[in-house]
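Here is how the chains run, residue by residue.
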Amino acid sequence: MLGFGADLLWADMNRLLAFLFHQGVLDEQFLQLQQLQDHTSPNFVSEVVNIYFHESEKLLTNLRSLLMEREFSDYKKMEIHLNQFIGSSSSIGAKRVTSICIAFRAASEQDNRTGCLRALEMLEHEYCYLKNKLHELFQIEQQRALAAGVRYPV
Amino acid sequence: MGMAAESQFHVLAVDDSIIDRKLIERLLKTSSYQVTTVDSGSKALEFLGLCENDQNHHTSTNIPSVFPNNHQDVEVNLVITDYCMPGMTGYDLLKKIKESSSLRNIPVVIMSSENVPSRINRCLEEGAEEFFLKPVRLSDLSRLKPHMKKNKVKDPRNETEEKIENSEILLQQEAPKSQYSHSESESQSQLQAHSTIDQQQQPLQQNNNNNKRKSMEQQGLSSETDRTRQRYSGIATVV
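Residues numbered from 1 in each chain as written. Chains lettered and ligands numbered in written order. Predicted model: local features only at pLDDT ≥ 70, side-chain atom pairs only at ≥ 80, totals over all residues. Heavy atoms only, no water.

As recorded in an unreviewed UniProt entry, chain B goes by the name Response regulatory domain-containing protein, listed as coming from Vicia faba. The Function (unreviewed entry) field of the UniProt record for chain B holds the comment "Functions as a response regulator involved in His-to-Asp phosphorelay signal transduction system. Phosphorylation of the Asp residue in the receiver domain activates the ability of the protein to promote the transcription of target genes. Type-A response regulators seem to act as negative regulators of the cytokinin signaling." (UniProt positions renumbered as here; feature names shortened; annotations may be inferred.)

Per an unreviewed UniProt entry, chain A goes by the name Histidine-containing phosphotransfer protein and belongs to Vicia faba.

All names here are of chain A. With 18 residues, helix H4 (residues 75–92) extends 26 Å from end C-alpha to end C-alpha; this agrees with the ideal 26 Å at 1.5 Å per step. For H4, the buried fraction is high: 13 of the 18 residues fall into the buried class. With its phi angle positive at about 90°, Gly-93 sits one or two positions after the end of H4. (Helix = DSSP H or I, 4+ residues; strand = E, 2+ residues; numbered from the N terminus. Expected span 1.5 Å × (residues − 1). Buried < 20%, exposed > 50% of the residue type's maximum accessible area, 1.4 Å probe, protein only.)

This part is about the packing of H4 of chain A against helix H1 (residues 18–30) of chain B. The contact between H4 of chain A and H1 of chain B brings their axes to 9 Å, and the two run at 30°. In the packing of H4 of chain A onto H1 of chain B, the handedness of the crossing is left-handed. Across the interface between the two elements, Ser-88, Ser-91 and Ile-92 of chain A of H4 of chain A pack against Ile-19, Asp-20 and Leu-23 of chain B of H1 of chain B. Among the residues forming the contact of H4 of chain A with H1 of chain B, the class breakdown is three nonpolar, two polar and one charged. (Axes fitted to C-alpha atoms, helices over the stretch in contact; angles between N-to-C directions. Left-handed = near helix turned anticlockwise from the far one by under 90°. Contact = heavy atoms within 4.5 Å. Nonpolar A, V, L, I, M, F, W, Y, C, P; charged D, E, K, R; others polar.)

Before going further, it helps to examine the layout of surface pockets. There is about 680 Å³ of room inside the largest pocket. Along the walls of the largest pocket sit 28 residues, with Asn-83, Gln-84 and Gly-87 of chain A together with Asp-82 and Cys-84 of chain B positioned nearest its centre. Elements supplying a minimum of two residues to the lining of the largest pocket: helix H3 (44–68), H4 and helix H5 (95–109) of chain A together with H1 of chain B. Examining the composition of the lining of the largest pocket, we find that eight residues originate from one element, H4 of chain A, more than from any other. Of the residues belonging to the lining of the largest pocket, the class tally is 10 nonpolar, nine polar and nine charged. (1 Å grid on protein atoms, 1.4 Å probe; cavity = no way out; pocket = protein on both sides within 12 Å on 5 of 7 lines; lining within 4 Å. Points joined across faces, edges and corners; volume = space filled by probe spheres on them.)

Moving on, we get to the pattern of salt bridges. Taken as a whole and judged by the stated rule, the model has 18 salt bridges over all chains. Of the charged contacts, one joins Lys-58 of chain A and Glu-55 of chain A as a salt bridge, the two residues approaching to 3.6 Å between their closest N and O atoms. One end of the pair, Lys-58 of chain A, and the other, Glu-55 of chain A, are both in helix H3, three residues apart, so they sit about a helical turn from each other. Among the salt bridges present, the one from Lys-43 of chain B reaches Asp-39 of chain B, with a minimum N-O distance of 2.9 Å. What makes Lys-43 of chain B partly exposed here is its relative accessible area of 42%. Connected via shared salt-bridge partners are Asp-15, Asp-20, Asp-82 and Lys-134 of chain B. (Salt bridge = Lys/Arg side-chain N within 4 Å of Asp/Glu carboxyl O.)

Moving on, we come to the UniProt feature "modified residue: 4-aspartylphosphate" (unreviewed entry) in chain B. Residue and element names in this part refer to chain B. Here the UniProt-annotated "modified residue: 4-aspartylphosphate" (unreviewed entry) positions come out as Asp-82. Its location among the elements puts Asp-82 in strand E3 (residues 78–82). On the accessibility criterion, Asp-82 (6% relative accessible area) is buried. Dropping the residues within four chain positions of it, Asp-82 is found in contact with Val-14, Asp-15, Asp-16, Gly-90, Met-111, Ser-112 and Lys-134.

So, about the packing of aromatic side chains. This model, assessed by the stated rule, comprises five aromatic pairs over all chains. A ring pair is formed by Phe-72 of chain A and Tyr-75 of chain A, whose centres lie 4.8 Å apart and whose planes are at 70°; its orientation type is edge-to-face. This pair shows no difference in class: Phe-72 of chain A is buried, exactly as Tyr-75 of chain A is. One aromatic cluster is present, formed by Tyr-52, Phe-53, Phe-85 and Tyr-127 of chain A through successive ring pairs. Cation over ring: Lys-131 of chain A sits above Phe-53 of chain A, and NZ or CZ is 5.5 Å from the ring centre. A cation over an aromatic ring shows up here: Arg-26 of chain B above the ring of Phe-44 of chain A, its NZ or CZ 5.9 Å from the ring centre. (Phe/Tyr/Trp six-rings, centres within 6.5 Å; stacked < 30°, edge-to-face > 60°. Lys NZ or Arg CZ within 6 Å of the ring centre and 35° of its normal.)

Relative to the assigned elements, Thr-36 of chain B resides in strand E2 (residues 34–38). With residues up to four places along the chain from it excluded, the contact list for Thr-36 of chain B reads His-10, Val-11, Leu-12, Ala-13 and Phe-47 of chain B.

Our next topic: the packing of H3 of chain A against H4 of chain A. All names here are of chain A. Closest axis-to-axis distance for the H3/H4 pair is 10 Å, and the angle between their directions is 155°. In terms of their interaxial angle, H3 and H4 are classed as roughly antiparallel. With respect to the hand of their crossing, H3 and H4 are arranged in left-handed fashion. Together, Val-48, Tyr-52, Ser-56, Leu-59, Leu-60, Asn-62, Leu-63, Leu-66 and Leu-67 of H3 and Lys-77, Met-78, His-81, Leu-82, Gln-84, Phe-85, Ser-88, Ser-89 and Ile-92 of H4 make up the contact between the two elements. Per-class residue counts for the contact of H3 with H4 are 11 nonpolar, six polar and one charged. (Parallel < 35°, antiparallel > 145°, perpendicular 65-115°, else oblique.)

Counting residues at the interface gives 19 residues for chain A, matched by 13 residues for chain B. Linking chain A with chain B are three salt bridges. Its salt-bridge partner being Arg-26 of chain B, residue Asp-38 of chain A comes within 3.1 Å of it at the nearest N-O pair. Remark: the boundary between chain A and chain B carries six residue pairs in polar contact (both at pLDDT 80 or more). A total of six residues in the side of chain A that touches chain B trace back to one element, the largest contributor, which is H3 of chain A. Of the residues in the side of chain A that touches chain B, the class split is seven nonpolar, seven polar and five charged. (Polar contact = N/O pair within 3.5 Å; in protein donor to acceptor, adjacent residues only side chain to side chain.)

As structure tokens, this is what we get:
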């Protein structure tokens, strides 16, 4: 049946979203992003999220190279990066990433290098997870759009 | 309809974060505002400086504009800025705007991801209209409308151009004293009380007594359309 696939994919998408909310990976700010997407701005969410990925990877690289410095002492610089990361993560509703960044920042404020390293590991892991899940979400959405498109030939 | 010149409010959004710029732009466009985004306080002042200069040229006779970009109808009705920015902070920008004779009438709203009461108070004391906590939501933007200001009202029925600071205050002054003097002082104190971080608060115009809204409706003027109100302010007498 035409369109049947689209409905299944819609259910998949919602299930994934519900899961991510339940796990605390995403919060309602992500829903806000979705609400801002409409026919005038149909790719808004993926555009914002892709910018987020790009910015985040830069930040993670900077954070890692700072902490890997032999004579590392520039906690202030690290905090600047972290503040950026916290801001952008909370703006897209990446709840767990935001929490880890906040803990990371606390460790930095205490000049706790070990704590920072541990936080960085967690952050990289969590960010990876988020990225994979969001890619999955966008994939399902794309497939659904295609499947729905079949039902209404232009 | 001769309302083409006043079609949309124009908001200047200032934020060093590219994501937040994209977000605020979308939020503002969804709320039917015209948007310009810049990534720093200094660029904001540059843009505002251009606007103000072009406005002055607008009223002068045949002096050609010395600026290459002819912002014919560009006017900024509100500035919304992030607090934490490298170089010039949002607070610095707010101060500069309020200290400028040509810019101080432009309402300024501050956004911040951090809920620091002393910071909020400082901004409000310096003249910020509102303080939004990030991430900013669509519902927050409904608090912007009452603060939007137009510098000039061109009413074809009225020969002279009226310069209005705030249409609401003007309307209150026009009204018979017995009915409105109470609401005027009340709205002043409400202006102070309104400037809290309570995200659930109603827009300012709803804080005014329903007296005003009732009489407006009696005249057949909808309190929803600020545009209509602005047109009549200074001319209409409240019966």
